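Listed here are the chains, written in short residue letters.
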Amino acid sequence: VLPGEELGVGRAGRGTYVDEGKVIAKVLGLHEKRGDLHFVIPLNGVYNPRKGDNVIGIIKEIAFSRWIVDINSPYIAILSLSEAVNEFVDLTRTDLTRYYDFGDVIFARVLSVTKSKLVQLTMKAPRCRKLRGGRIIKITPTKVPRVIGKNGSMVELIKRKTGCSIVVGQNGLIWIRGANSDLAAEAIFKVEQYAHTVGLTDKIGEFLDLRLKERGG
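Engineer: I'd like a rundown of the sheet that holds strand E4 (residues 22-25), residues and numbers included.
Structural biologist: Pairing in this open sheet of three strands is antiparallel, and the strands run E1-E4-E3 from one edge to the other. Every other strand in the sheet has two partners, leaving strand E1 (6-8) and strand E3 (16-19) as the edge strands with one partner each. Taking the axes of each pair of neighbouring strands and ignoring which way they run, one obtains an average angle of 40° across the sheet. Looking at chain direction, E3 and E4 are connected through four bridges and run antiparallel. Bridged to Thr 16 within E4 is Ala 25.

Okay, structure coming up:
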């Protein structure tokens, strides 16, 4: 939908407003409706961290009792020792690189975001872990829901057809590991490019079938 486009009657959610009883789109994006709530997922924009988000981060610095993590955002993310490990750590004797070193890739959850946009991460939520090997690609964060698909349909399709392990961060970073990682990445970039189109899951399935056939797979 385009900015200013009427979306119908109901309540205005994120990316919308009400004018003369009609819900109107504020931004260029994908219109979604849940009950009577309308909202628009913008097609462009930087990642704005929110509590509860699952993100992929890269360890950039190691400070006293914490790690500084790049989460593809304008804001700094901190992983404290207490949110990184369960055991007691004697900081006078322990090198923190034993747990996470420079350049390590992690799948973490946003624990909190302060008013000044200091982001606290945790590794103690389900599925949080260090991601070993593989490769990282970057897409527009606002298009992550399209890559995941309804009930995970899109990412599961790409996993199944390519045989790759794929972890999607809500911050626009995606980790891929497998022999067909280049093909999985190509499919994800196509989803990003054509996020605004309908019937995209079927089109991506056909694209992957064609590519795999060309490879003799």
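This is not the end of the story, as more comes after the structure.
Engineer: Which residues make up the pattern of salt bridges, and what are the values?
Structural biologist: Here the structure, examined in full by the defined rule, presents 10 salt bridges. Between Arg 11 and Asp 36 there is a salt bridge whose closest N-O contact spans 3.0 Å. With Arg 11 in strand E2 (residues 11-12) and Asp 36 in the loop between strand E5 (29-34) and strand E6 (37-42), the pair connects residues that are 25 residues apart, well separated along the chain. Assessed through its relative accessible area of 46%, Arg 11 is described here as partly exposed. Among the charged side chains, a network of salt bridges with common partners joins Glu 186, Arg 211 and Glu 214.

Engineer: Lay out helix H3 (residues 153-162) with the relevant residues and their values.
Structural biologist: Within the span of H3, buried status applies to Met 154, Val 155, Leu 157, Ile 158 and Thr 162. Viewed along the axis of H3, the buried residues span an arc of 155°, placing them on a single side of the element. Where the residues of H3 are buried, they touch helix H2 (144-148), strand E14 (165-168), helix H4 (181-193) and helix H5 (200-214). One or two residues past the end of H3 sits Gly 163, with phi positive at roughly 75°.

Engineer: Run through the pairing of strand E10 (residues 105-113), naming residues and quoting values.
Structural biologist: Where strand E7 (residues 54-63) lies against E10, five bridges are found, and the strand directions are antiparallel. Within E10, the residue paired with Val 55 across the bridge is Ala 108. Judged from the three bridges that link them, E10 and strand E12 (residues 129-131) form a sheet pairing that is antiparallel. Bridge pairing in E12 places Val 105 opposite Leu 131. Note that E10 and strand E11 (residues 119-122) share four bridges and pair antiparallel. In the sheet register, Val 110 faces E11, and the bridge partner there is Leu 121. The hairpin turn running from E10 into E11, its antiparallel successor, is five residues long, and Lys 117 in that turn takes a positive phi close to 70°.

Engineer: Could you give me a rundown of the sheet that holds E5, with the residues and numbers involved?
Structural biologist: With mixed pairing, the three strands of this open sheet are ordered in space as E2-E6-E5. If you trace the sheet from one side to the other, it starts and ends with E2 and E5, each paired once. Strand direction decides the pairing type here: E2 and E6, joined by two bridges, are parallel. Bridge pairing in E6 links Ala 12 to His 38.

Cut-offs and rules
- Residues numbered from 1 in each chain as written.
- Predicted model: local features only at pLDDT ≥ 70, side-chain atom pairs only at ≥ 80, totals over all residues.
- Heavy atoms only, no water.
- Pairing = 2+ DSSP bridges.
- Helix = DSSP H or I, 4+ residues; strand = E, 2+ residues; numbered from the N terminus.
- Axes fitted to C-alpha atoms, helices over the stretch in contact; angles between N-to-C directions.
- Salt bridge = Lys/Arg side-chain N within 4 Å of Asp/Glu carboxyl O.
- Buried < 20%, exposed > 50% of the residue type's maximum accessible area, 1.4 Å probe, protein only.
- Arc of directions from axis to C-beta.
- Contact = heavy atoms within 4.5 Å.

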